[in-house]
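So you can see what is in the structure, the chains are spelled out below.
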Amino acid sequence: METVLRLATADINDQLTLKLQFSATRLWSPPLKILRYKRLESTNTTAYRIAQQSAPEWTVVVADVQTKGKGRGRNKWDSPKGGLWFSILLRPDLPSPRLHLLQFLAAIATREAIENQTGLSAMLKWPNDLVLGNAKLGGILIESKTLGEAISFAIVGIGLNINQGKGQLPPGAISMGLVSGKQYDLRVLLKAILDQIKSSLDDLDSPSKIMNEWWRNCIHRPLRVQVTFPKGTVTGISRAIDEDGSLLIETDDHKIRKVNEGSLRILND
Ligand code: BT5
């Protein structure tokens, strides 16, 4: 369900249209349109609302601060000034059961763009995290509207801790600036991530390529983990990622359990 947003209170301070960068194989894609706000409840909520009002693909909503940043389920996402909080509106030609591919593709592309721009080697943690060391650097939240098996639109929400100091981060989180001691230009990083996602979008046709690449950069490959979900926990060695996005865990009795939701903790025992 969509939250109605009081846009009148939002402060649009910048709106620009950047010339499109074509990927090698796509003949045409719409121009990138970046809507930049000082403060929003959630960039995902705003992107969802304008998607319903027929905004074109590749409209990107960015906010300096989110007052009601969202994580999965009822999780909140702390979004003070200094981080990069944005949502991309896409209309992928993908059957809805394959929507999870977009999340894994976005994670790979974001990781790669960060490494290329900063030299920092972020890793991926199932299902939707980017980590630096063992701490959470960022997360991805996909929201969508589907019509049967067709995807009307998908909102790819990406949150990254960039320049925040220690006091502005929740427990277990890290920012790029804290690791490197540098300050980063949020616009340069945003542009690099958007370019990377754009140029890899054709990979949606190759699920195994996406999943292999994701697994190659996974921090718990193959470590002992515990996944907690509403109805229990599974503990064991994370062995593989399935094409449907599930994690395959080898339990202590050497059985493979497939988990498709939950929160993962890396165990050090
Ligand atoms: C996520 O959820 O990791 C997805 C986060 C997506 C945020 C972006 S920002 C732009 C767009 N607009 C939105 O409103 N959201 C998206 P999840 O896996 O559920 O993780 C949430 C948990 O991470 C929280 O319960 C906290 O424990 C922790 N957390 C909250 N804020 C954090 C932060 N800034 N950095 C690291 N961890 C955080």
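Analysis parameters
Residues numbered from 1 in each chain as written. Predicted model: local features only at pLDDT ≥ 70, side-chain atom pairs only at ≥ 80, totals over all residues. Heavy atoms only, no water. Helix = DSSP H or I, 4+ residues; strand = E, 2+ residues; numbered from the N terminus. Buried < 20%, exposed > 50% of the residue type's maximum accessible area, 1.4 Å probe, protein only. Contact = heavy atoms within 4.5 Å. Areas by Shrake-Rupley, 256 points an atom, 1.4 Å probe, with all protein chains shown as cover. Pairing = 2+ DSSP bridges. Near = heavy atom within 4 Å. Polar contact = N/O pair within 3.5 Å; in protein donor to acceptor, adjacent residues only side chain to side chain. pLDDT = per-residue confidence, 0-100. Core = buried A, V, L, I, M, F, W, Y, C linked by side-chain atoms within 4.5 Å. Axes fitted to C-alpha atoms, helices over the stretch in contact; angles between N-to-C directions. Phe/Tyr/Trp six-rings, centres within 6.5 Å; stacked < 30°, edge-to-face > 60°.

A. Focus on the overall build of the protein chain. Across its full length, the protein chain holds five helices and 13 strands. Out of the 269 residues in the protein chain, the part that is buried amounts to 54%. Taking contacts inside the protein chain between residues at least 6 apart in sequence as the whole, the part at least 24 apart equals 64%. Of the accessible surface of the protein chain, which amounts to about 13,200 Å², a share of 50% is contributed by carbon and sulfur atoms.

B. Structural context of the pairing of strand β12 (residues 256-259). Sheet topology note: the strand β11 (residues 247-250)/β12 ladder contains four bridges and is antiparallel. Bridge assignment links Leu 247 to a residue of β12, and that residue is Val 259. Linking β11 to β12, which pair antiparallel, is a turn of five residues; within it His 254 sits at a positive phi near 60 degrees.

C. Region of interest: the site of the ligand. Close to the ligand lie 26 residues, the nearest being Ser 42, Lys 70, Arg 72, Asn 75 and Lys 136. The separation between a nitrogen atom of the ligand and a polar side-chain atom of Asn 161 is 2.8 Å. A total of 800 Å² of accessible area belongs to the ligand in isolation, and the protein chains cover 88% of it. Those elements that provide at least two residues to the shell around the ligand are α1 (43-52), β4 (84-90), β7 (135-147) and β8 (150-160). Looking at the shell around the ligand element by element, the count peaks at four residues for β7.

D. Inspection of the confidence of the model for the protein chain at higher detail. Per-chain confidence: the protein chain averages 91 in pLDDT, with 89% of residues scoring 70 or above. Here strand β1 (residues 12-18) stands out as the element of the protein chain with the lowest mean pLDDT, 41, in contrast to β4, whose mean of 99 is the highest.

E. Fine view of the pairing of β11. Residues Leu 247 and Ile 249 point to one face of β11 and Leu 248 and Glu 250 to the other, with burial holding for every one of them. Alignment of strand β10 (residues 232-241) against β11, held across four bridges, turns out to be antiparallel. Of the residues in β11, the one forming a bridge with Ser 238 is Ile 249. What sits between β10 and β11 in their antiparallel hairpin is a turn of five residues, with Gly 245 showing a positive phi close to 90 degrees.

F. Examining the nonpolar core more closely. In terms of nonpolar packing, the biggest core is built from 65 residues, with Phe 86, Ile 197 and Trp 214 touching the most fellow members. With 10 residues, helix α2 (residues 100-118) is the largest single contributor of residues to this core. When neighbours within four sequence positions are excluded, Phe 86 is seen to be in contact with Thr 43, Val 60, Val 61, Val 62, Val 156, Gly 157, Ile 158, Leu 190, Ile 193 and Leu 194. Grouped together as the second largest cluster of nonpolar side chains are 13 residues, Ala 55, Leu 89, Phe 153 and Ile 155 included.

G. Expanded view of the sheet that holds strand β13 (residues 263-266). Reading across from one edge, β12-β11-β10-β9-β13 is the order of the five strands in this open sheet, with antiparallel pairing throughout. A strand with exactly one partner marks an edge of an open sheet, and here the two such strands are β12 and β13. Neighbour-to-neighbour, the strand axes of this sheet turn through a mean angle of 45 degrees, independent of strand direction. In terms of strand pairing, strand β9 (residues 224-229) meets β13 through four bridges, oriented antiparallel. Bridge assignment links Val 227 to a residue of β13, and that residue is Leu 264. Each of β10 and β11 touches helix α5 (residues 207-216); the most contacted strand, β10, lies at about 105 degrees to it.

H. Spotlight on the environment of Ala 107. Inspection of the secondary structure puts Ala 107 in helix α2. Judged by its relative accessible area of 3%, Ala 107 falls in the buried class. The spacing of Ala 107 and Leu 124 is 17 residues in sequence and 7.2 Å in space, taken between C-alpha atoms. The residues contacting Ala 107, other than those within four sequence positions of it, are Leu 124, Leu 130, Ile 140 and Trp 214.

I. Examining the packing of aromatic side chains more closely. By the definition in use, this model includes three aromatic pairs. Centre to centre, the rings of Tyr 48 and Phe 153 are 4.9 Å apart; their planes meet at 80 degrees, and the pair counts as edge-to-face. Of this pair, Tyr 48 sits in helix α1 while Phe 153 sits in strand β8; the two residues are 105 residues apart in sequence, bridging distant segments of the chain. This pair shows no difference in class: Tyr 48 is buried, exactly as Phe 153 is. Each ring, one from Trp 77 and one from Trp 85, has its centre 6.4 Å from the other, and the planes form 80 degrees; the classification is edge-to-face. There is no split in this pair, since Trp 77 and Trp 85 are both buried.

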